[in-house]
Amino acid sequence: AKLDGRNTYSFFTPEMRAQSVRALQLENALRRALEREQFTLHYQPQICIATGQITGVEALLRWQHPELGAISPAEFIPIAEDCGQILPIGEWVLREALRQLQAWRKMGLMLETMAVNLSAVQFRQPQFPQLVTRILQESGLPAHALELELTEGVAMDDPRAAIATMDELHSHGVLLSIDDFGTGYSSLSQLKRFPVYKLKIDQSFVRDLDDDANDRAIVSAIIRMAQALGMQTIAEGVETSGQLAFLREQGCTEAQGYYYGRPMPATQLQALLAGATGS
Ligand code: C2E
Ligand code: CA
Ligand code: CA
Ligand code: CA
C-alpha cells in the first residue's frame, strides 16, 4: 500500500486494519445478500411462566455467506446500520416473519405473537409506521400479532420523536416491548410515557441469577417496577431451572432461552408447536 503523503496508515494498527478490511468485505457482501437469498430467520420460543405454554416466538436473523460462512447478527447488523442496508433487510425481516406466522396459523398452529427486532435506523424513518401497517395488511394478520422489540437507545436518542412514533404504532394495535432492559439508561419518568406493554430483562442480569445476589436484586426490582407501571416482563437468556424458579417466584411473566429452546429454523419450531398442541 502506498502512503498518500498524509501518513494515513500510521494511525492504524495492523489489527485495526484487519477489522476495517473485514467490515468493508462484509459491507460489500451485504449489498448482495438479499437478492442472493442468503438470509433466513430462526425462531426462539417465548414461554408463559404460569402455564408453560409457548405464547410467541422471536425472529432472529441469520446470514449464511457461501465463502465467509455464517456471520453473527451482532457483527453484521451494526455494519448494515452504517451503510443503510438495514432498511431493506429490516423490511424483509418484518415481511418474512409475518408471512411465516400467518402460514403457521393456517396450519392450525396457534401462536399469539411474532416478536421482531428493530434497529434505531428503521424506527427513525418518518414512514416507518405506514410501512408496518402495509406489511401487516399484506400478511392478513391483526396488528396485535406483531410485537416490535426496541432497545432503550432507540427510545432515548430523541424521546419526543420516539414517543410520537410509538404512539402511532400503538394506536394501530402493534405491541411494543423494550429489549435489553436495564443495560441502557432510560429514566423512569420517560419509561412511564412509553406505550410499551413489556420489558425484556437483559440476559446479562439473568446469566448469574443462581449465584449473584446483586443480579437477583436487580431482576426483582425490574419486575416490581414493571408491575407498578402495569407492564409485563420477559427474561431472556434463561438456561437453568434455578433461574426459572427465581423468575417464577418474583412474578416474571415470560421466559425465553436455551432452557426451553435455542433459536431454530421454521420447520423445527413447527414440529415443536405441533407436538405441543398434540396435532
Ligand atoms: P437480542 O435481541 O438481545 O437477542 C438475544 C440473543 O441471545 C440472540 O442472539 C439469541 O440467539 C441469544 N440467546 C437466546 N437465548 C439464549 C440463552 O439462553 N443463552 C445465551 N447465551 N444466548 C441466548 P443472536 O441471534 O446472535 O442475535 C444477536 C443480536 O442481533 C440480537 O440480540 C439483536 O440485537 C440482533 N438481531 C438479531 N436479529 C435481528 C434482526 O432481525 N434485526 C435487528 N435489527 N437486529 C437483530
Ligand atoms: Ca408474546
Ligand atoms: Ca431481541
Ligand atoms: Ca439481549
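In what follows, the accompanying structure is described.

Definitions and limits used
- Residues numbered from 1 in each chain as written.
- Chains lettered and ligands numbered in written order.
- Predicted model: local features only at pLDDT ≥ 70, side-chain atom pairs only at ≥ 80, totals over all residues.
- Heavy atoms only, no water.
- Axes fitted to C-alpha atoms, helices over the stretch in contact; angles between N-to-C directions.
- Helix = DSSP H or I, 4+ residues; strand = E, 2+ residues; numbered from the N terminus.
- Left-handed = near helix turned anticlockwise from the far one by under 90°.
- Contact = heavy atoms within 4.5 Å.
- Near = heavy atom within 4 Å.
- Polar contact = N/O pair within 3.5 Å; in protein donor to acceptor, adjacent residues only side chain to side chain.
- Areas by Shrake-Rupley, 256 points an atom, 1.4 Å probe, with all protein chains shown as cover.
- Nonpolar A, V, L, I, M, F, W, Y, C, P; charged D, E, K, R; others polar.
- Donors = N, O, S within 2.8 Å, 3.2 Å for Na, K, Ca; no water.
- Buried < 20%, exposed > 50% of the residue type's maximum accessible area, 1.4 Å probe, protein only.
- Arc of directions from axis to C-beta.
- Phe/Tyr/Trp six-rings, centres within 6.5 Å; stacked < 30°, edge-to-face > 60°.
- Lys NZ or Arg CZ within 6 Å of the ring centre and 35° of its normal.
- Core = buried A, V, L, I, M, F, W, Y, C linked by side-chain atoms within 4.5 Å.

### Some details on the packing of helix 10 (residues 213-228) against helix 11 (residues 241-250)
Between helix 10 and helix 11, the shortest axis-to-axis distance is 10 Å and the interhelical angle comes to 35°. In the crossing of helix 10 with helix 11, the sense of the turn from one axis to the other is right-handed. Residues Arg-216, Val-219, Ser-220, Ile-223, Arg-224 and Gln-227 of helix 10 form the contact with helix 11, whose own contacting residues are Phe-246, Leu-247 and Gln-250.

### Some points on the site of ligand 1
Around ligand 1 sit 21 residues in total, of which Gln-44, Arg-62, Gln-203, Glu-239 and Tyr-258 are the nearest. A distance of 3.4 Å is found between an oxygen atom of ligand 1 and a side-chain nitrogen or oxygen belonging to Glu-58. The side chain of Gln-203 places a nitrogen or oxygen atom 3.0 Å from an oxygen atom of ligand 1. Here ligand 1 loses 80% of its free accessible area of 800 Å² to cover by the protein chains. For the shell around ligand 1, a count of residues per class yields 9 nonpolar, 6 polar and 6 charged.

### What about the coordination of the calcium ion (ligand 4)?
Asp-180 (OD), Asp-202 (OD), Glu-236 (OE) and Glu-236 (OE) make up the full set of protein donors to the calcium ion (ligand 4), lying at 2.0 to 3.2 Å. Between consecutive donors of the calcium ion (ligand 4), the numbers of intervening residues give the motif D-x21-D-x33-E.

### Structural notes on the coordination of the calcium ion (ligand 3)
Bound to the calcium ion (ligand 3) are the protein donor atoms Glu-58 (OE), Asn-117 (OD1), Glu-149 (OE) and Asp-179 (OD), situated 2.2 to 2.4 Å from the metal. In primary sequence terms, the donor set of the calcium ion (ligand 3) follows E-x58-N-x31-E-x29-D. A separation of 5.6 Å is found between the calcium ion (ligand 3) and the calcium ion (ligand 4). Here Glu-149 is found in strand 5 (residues 146-151), whereas its partner Asp-179 is found in strand 6 (residues 175-181), with 30 residues between them in sequence.

### Comments concerning the environment of Arg-95
With respect to the secondary-structure elements, Arg-95 resides in helix 3 (residues 86-106). Residues Arg-95 and Ile-135 lie 40 residues apart in sequence; the distance between their C-alpha atoms is 6.1 Å. The residues contacting Arg-95, other than those within four sequence positions of it, are Ile-135 and Glu-138.

### Describing helix 11
Considered for burial, the residues of helix 11 that qualify are Gln-243, Leu-244, Phe-246, Leu-247 and Gln-250. Relative to the axis of helix 11, the buried residues are bounded by an arc of 165° and lie together on one face. Among the structural elements, helix 9 (203-206), helix 10, strand 8 (232-235) and strand 9 (254-255) are those in contact with the buried residues of helix 11. Where helix 11 terminates, the next one or two residues include Gly-251, which has phi positive at roughly 90°.

### Considering the packing of aromatic side chains
A full pass over the atoms with the stated rule returns 7 aromatic pairs. When the ring of Tyr-43 is compared with that of Trp-104, the centres are 5.1 Å apart and the planes differ by 75°; the resulting orientation is edge-to-face. Here Tyr-43, found in strand 1 (residues 39-48), pairs with Trp-104, found in helix 3; they are 61 residues apart in sequence, far enough to count as distant. Taken as a pair, Tyr-43 and Trp-104 share a single burial class, namely buried. An aromatic cluster of three or more residues is present, and its members are Phe-39, Trp-63, Phe-76 and Trp-92. If you follow Arg-262 out to its NZ or CZ, it ends over the ring of Tyr-258, 3.8 Å from the centre.

### Digging into the nonpolar core
Core analysis: the biggest nonpolar cluster contains 78 residues, and Leu-148, Met-166 and Leu-199 have the highest contact counts within it. Among the elements that take part in this core, helix 3 stands out by supplying 8 residues, more than any other. Discounting residues that sit within four places of it in the chain, Met-166 has contacts with Phe-123, Leu-150, Ala-155, Leu-176, Phe-194, Pro-195 and Val-196.

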